[in-house]
Amino acid sequence: MSLLKPFSKLPGLNTANILPAGKYEGHLTSTWQTTWFKLVESEEQFQQSLADALVEETSVTVNVRLAKSLPLPMENDESRPRIDLVVFIINLTSELSFQSAEASLKYLDPGYFLGKVCFMVTNARNASAPAERLDAVRKLAASLHCPLLFAEDQTPDGVASATERLLTILKVAAGLVPIATALYVSNLTRCTLPLDIDQPSFD
Amino acid sequence: MGSMDNTAKRLLERLVRRIPSQMLKTTLDKWSRLTSTQRQSIDYTESKWALTEKLLAICEENELTVKHIAELEMIHVIENPNLGMWYAFQLMDPQDDAHSVELTQFKEQFKSHLRELIRHVSIKIKKHTDEAVWIRIAWGDTFSRPNHLKPTYVVHYLQTPYVFLTSLTSKQKPLLSQALVLSTRYQAIKDANLSGRKLTAIRDLLMKQYLQVFPTKFPSPLAERNRVVSNLHIEKEQAGSAANRHQMACEAFGDGILPQLQSAVYKLETKFRDHTNKTMTERDETFRCVVKFASTNLLESLRHSASSGVASTPVTPLLSSVPLKGKNYFVITDNGPGPSSQMKPSQK
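With that settled, consider the confidence of the model for chain B. All names here are of chain B. With 92% of its residues at a pLDDT of at least 70, chain B reaches an overall mean of 86. Within chain B, the element-level pLDDT minimum falls on helix H9 (residues 222–225), averaging 55, and the maximum on strand S5 (residues 162–165), averaging 96. Residue range residues 337–348 is modelled with pLDDT below 50. Its contacts to residues more than four positions away, or to other chains, number 22 contacts. Our summary of model confidence lists the complex with pTM equal to 0.74 and ipTM equal to 0.75.

Next up on the list: the pattern of salt bridges. All names here are of chain B. As enumerated under the stated definition, the model contains 20 salt bridges over all chains in all. Notably, a salt bridge pairs glutamate 269 with arginine 288, separated by 3.6 Å at the nearest N-O pair. Taken together, the residues glutamate 269 in strand S8 (residues 263–270) and arginine 288 in strand S9 (residues 287–294) connect sequence positions 19 residues apart. Since its relative accessible area comes to 22%, glutamate 269 is described here as partly exposed. The class of arginine 288 is exposed, set by a relative accessible area of 60%.

Right, let's talk about the nonpolar core for a bit. In this structure, B:Trp86, B:Trp134, B:Val155, B:Phe164, B:Phe253 and B:Tyr266 are the most contacted members of the largest nonpolar core, which totals 40 residues. Leaving out residues up to four positions away in the same chain, B:Phe164 has contacts with B:Trp86, B:Tyr87, B:Ala88, B:Tyr153, B:Val154, B:Val155, B:Tyr157, B:Leu199, B:Ile202, B:Arg203 and B:Leu206. In this structure, A:Phe113, A:Val137, A:Leu140 and A:Cys146 belong to the second largest nonpolar core, which totals 29 residues.

With that out of the way, let us pick up the packing of aromatic side chains. Residue and element names in this part refer to chain B. Overall, the coordinates contain seven aromatic pairs over all chains when judged by the stated rule. Ring geometry for tyrosine 266 and phenylalanine 293: centres 5.8 Å apart, planes at 80°, overall edge-to-face. Taken together, the residues span a long stretch of sequence, with tyrosine 266 in strand S8 and phenylalanine 293 in strand S9 at a distance of 27 residues. Residues tyrosine 266 and phenylalanine 293 agree in their burial class; the two are buried. Feature note: the residues Tyr266, Phe293 and Phe330 constitute an aromatic cluster, connected by ring pairs.

Calculation rules
Residues numbered from 1 in each chain as written. Chains lettered and ligands numbered in written order. Predicted model: local features only at pLDDT ≥ 70, side-chain atom pairs only at ≥ 80, totals over all residues. Heavy atoms only, no water. pLDDT = per-residue confidence, 0-100. Helix = DSSP H or I, 4+ residues; strand = E, 2+ residues; numbered from the N terminus. Contact = heavy atoms within 4.5 Å. Salt bridge = Lys/Arg side-chain N within 4 Å of Asp/Glu carboxyl O. Buried < 20%, exposed > 50% of the residue type's maximum accessible area, 1.4 Å probe, protein only. Core = buried A, V, L, I, M, F, W, Y, C linked by side-chain atoms within 4.5 Å. Phe/Tyr/Trp six-rings, centres within 6.5 Å; stacked < 30°, edge-to-face > 60°.

Now the structure itself:
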């Protein structure tokens, strides 16, 4: 199985490499009565805007490797630099998005789960995102000891703040922050489950 | 009493109302039924009502009739073919001399055949610069004069089997079909199941006047095919499959700017299929429904869906039939071409 390994390559000088992975898919929704289908735009645009914003960072050279899911194609193995942080972007309104992220996890070497993986969800406030899905993502992130970030993908401000938070984690994961290591920080940032997560929600 | 009867007046009023003031000047100039003094005397900044009155007066002066106003309307429609609904038809089974029918022959034959079939009819034929023959038909019947307020426009490209029409009643259809078939030297005409508001779009689609992409074993280097990467620091891991998808999408729909088709309609007459809904699936009768895709540019949307992975590649024949067959109306049955299960909407 082609696992992505965290330490099998040498790092670059003052460089951090990030792999935002998010399945790009739209889905057709329909209702019984109407005969209209609405094709829903998905998060490739968010992934791209995030990438554009990340590379603007000046204190560190950030390289972004965009992917839809893992495993990554073998042809790129040679040329691929060491990936410091893998971010799974999950659109909460899409079941496929969640399933794709879940399926991609097994292609990561366990070493990544020591602070080099994080989850980012979008559309948490969207009415069509079922609460169970967010709970499922929370449980997944908590069980893997990974941080869970919430991002707002529709406005440039939202993208900017998501970028900032990712950069903070990325710099640590790349070993560019003195004193802090990825494992240490992940203890502080990892997702925790509220005690009442399995209780039925308000609505 | 003047030469302009009620119909002529109404037709003129309607035209002045429809044509935007800026375009009115050019249209009137093309019409060439007014003298230059008359044309100069028109103030295009006036209200439409005032313009109508002015034009009515000039038309009376020149003793113009409804036929002349119909000319004006035709000029306007030819200049603006993308208003109103157009329906495509295809001529079938050409006779030996069908491919050498030229303009004069077609004009004479069409007029004479149509006049044989219907006594009161007003026909105007005009050849446009792009090889299209435009026909305006005002229909009357045994007892009444041609109705110029509800004309049918027909566009035919000589030496092709394609004909495009605007509104036609079921009574008029067989008469027009007959006249067309006889004058073009074909044996039959059928509905091409393609319609839209933009004549140029359905014409380009049917006559394949856009960049076709043919399957090739060695497509051009990835670098040219891929979207321009915004930054050297950003790289796509799965660029190969993206390029593949893009190639397949272009093979199905074409490259570059695509004809602006605005809708595609699928009429389903298939059995209901959804394993999560037993009640509906158990029914024997067909589940009739109509699926309509609408967009400002449907073909580009579909191509983008395929190249970005939203629609699976290779492109399903249900979608690729639109450009391939030049149709945008399909009836899908369980025995029909293309697996009908692919059209099942996913209930999410």
